[in-house]
Amino acid sequence: MDELIGKVAIITGSSRGIGAGIAKLFASEGAKVIVSSRDASNYQPILNQIKSKKGEAYCIECDVSKEDDVKMLMEQTIKKYGTVDILVNNAGVFEQASVEEMKTETWKKVLHTDLDGVFFCTKYVTNYMKKNKTGGRIINISSVAGLFGFGGSAAYCAAKFAVVGFTKATAIDLCKYGITVNAICPGLIETDMTKGFTNDKKTMEAFMQPLLVKRAGLPEDIAKGALYLASEGTSYVTGTTLVIDGGWTGHL
Ligand code: NDP
């Protein structure tokens, strides 16, 4: 239960869904967790859950698509805890639209959040992380949509494929500081983002067919993968992609 004792972890987009699952698991493993998203009014439930189990967490509002917000997120983290050991680039948005109908605003919103946000957070956390004697851990939440094409998802796929490439390239750049950089590609996970799919019986029946594990994933399934990549024992794992999808894409 003490895998991350004393470590400081920033998890972007952690007011709910997968990010909240990661924040809770990391706090239960002894990390000091920065809970962050665009809207601070959403933080109380996750804070209460962490604190009720004697975990340590602090909230900082940050829109990852805004460079100045991200600089401030890093500065405030250092002010509060003095260091940062783990960054999980989790904040993301999904917008469905066929490419010929996609509004430019939709394209920009997805790319700014799901890709620019990963760049900004990685760039500015590195300034602090590289000073650590024990290096650091950066975990980027991509998607199975970063490995395969999905209809109506051109912006999302473009961003998530790019995150996989960004992960491999930054792993090379940052290995000299002892920082590992890895991606997780979740399948369909039950969160607010996917309730349009998971609440629809017919869609779910079709979705279940190619799955080897016949259920939608839960935030905890992804959190366990993130914990593995955040642990001290995984210093030999970098530039790679961990697919957690119930066996959905392994046989495609
Ligand atoms: P949710 O919609 O449930 O949660 C998204 C989180 O990101 C919220 O905390 C939201 O908070 C925050 N957020 C959104 N935009 C921004 C922004 N610009 N800056 C900071 N925070 C932001 O999504 P999930 O938990 O499902 O998804 C988390 C990640 O996992 C995303 O990157 C997603 O693409 C990826 N993923 C999800 C899958 C799934 O099936 N659910 C599958 C594969 C990948 P707020 O609104 O307060 O900003």
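Notes on the structure in this doc start here. Just so you know, these numbers come straight off a predicted model, no measurement behind them.

Neighbouring the ligand are 31 residues, the closest being Ser15, Arg38, Tyr156, Ile189 and Thr191. Contact distances for the ligand include 2.7 Å between an oxygen atom and a backbone N or O atom of Asn90. Coverage of the ligand by the protein chains reaches 96% of its 890 Å² of free accessible surface. If you list the elements that add at least two residues to the shell around the ligand, you get α1 (17-28) and α5 (154-174). Partitioning the shell around the ligand into residue classes produces eleven nonpolar, 14 polar and six charged.

Another aspect to go through is the pattern of salt bridges. Enumeration over the complete set of coordinates arrives at eight salt bridges. Between Glu232 and Lys7 there is a salt bridge, with the nearest N and O atoms lying 2.6 Å from each other. Of the two residues, Glu232 sits in the loop between α8 (219-230) and β7 (241-244) while Lys7 sits in the segment before β1 (8-11), which places them 225 residues apart along the sequence. Residue classification places Glu232 among the partly exposed residues on the basis of a relative accessible area of 46%. Here Lys7 falls in the buried class, since its relative accessible area comes to 15%. Between Asp192 and Lys195 there is a salt bridge whose closest N-O contact spans 3.9 Å. Through salt bridges with shared partners, a single ionic network connects Arg16, Asp192 and Lys195.

This structure, assessed with the given rule, holds five aromatic pairs. When the ring of Phe94 is compared with that of Phe197, the centres are 6.2 Å apart and the planes differ by 55 degrees; the resulting orientation is tilted. Here Phe94, found in the loop between β4 (86-89) and α4 (104-129), pairs with Phe197, found in helix α6 (residues 195-198); they are 103 residues apart in sequence, far enough to count as distant. Chaining the aromatic ring pairs together yields one cluster made of Phe94, Tyr156 and Phe197.

Here we come to α8. Compared with an ideal rise of 1.5 Å per residue, which puts twelve residues at 16 Å, α8 spans 16 Å between its outermost C-alpha atoms and is within 8% of the ideal. Within α8, burial applies to Pro219, Ile222, Ala223, Gly225, Ala226, Leu227, Leu229 and Ala230. On the buried face of α8, the contacting elements are α1, β4, β5 (136-141), β6 (179-186) and β7.

Turning to the packing of α1 against helix α2 (residues 44-52), a few remarks are in order. The relative placement of two packed helices is expressed as an angle between their axes plus a distance between the axes. Between α1 and α2, the least distance of the axes is 9 Å, while the angle of their chain directions is 20 degrees. Our classification of the angle between α1 and α2 gives roughly parallel. The crossing of α1 and α2 is right-handed. When α1 is examined against α2, the residues Ala20, Ala23, Lys24 and Ala27 are found in contact with a partner set consisting of Ile46, Gln49 and Ile50. Residues belonging to the contact of α1 with α2 are distributed by class as follows: five nonpolar, one polar and one charged.

Definitions and cut-offs
- Residues numbered from 1 in each chain as written.
- Predicted model: local features only at pLDDT ≥ 70, side-chain atom pairs only at ≥ 80, totals over all residues.
- Heavy atoms only, no water.
- Near = heavy atom within 4 Å.
- Polar contact = N/O pair within 3.5 Å; in protein donor to acceptor, adjacent residues only side chain to side chain.
- Areas by Shrake-Rupley, 256 points an atom, 1.4 Å probe, with all protein chains shown as cover.
- Helix = DSSP H or I, 4+ residues; strand = E, 2+ residues; numbered from the N terminus.
- Nonpolar A, V, L, I, M, F, W, Y, C, P; charged D, E, K, R; others polar.
- Salt bridge = Lys/Arg side-chain N within 4 Å of Asp/Glu carboxyl O.
- Buried < 20%, exposed > 50% of the residue type's maximum accessible area, 1.4 Å probe, protein only.
- Phe/Tyr/Trp six-rings, centres within 6.5 Å; stacked < 30°, edge-to-face > 60°.
- Expected span 1.5 Å × (residues − 1).
- Contact = heavy atoms within 4.5 Å.
- Axes fitted to C-alpha atoms, helices over the stretch in contact; angles between N-to-C directions.
- Parallel < 35°, antiparallel > 145°, perpendicular 65-115°, else oblique.
- Left-handed = near helix turned anticlockwise from the far one by under 90°.

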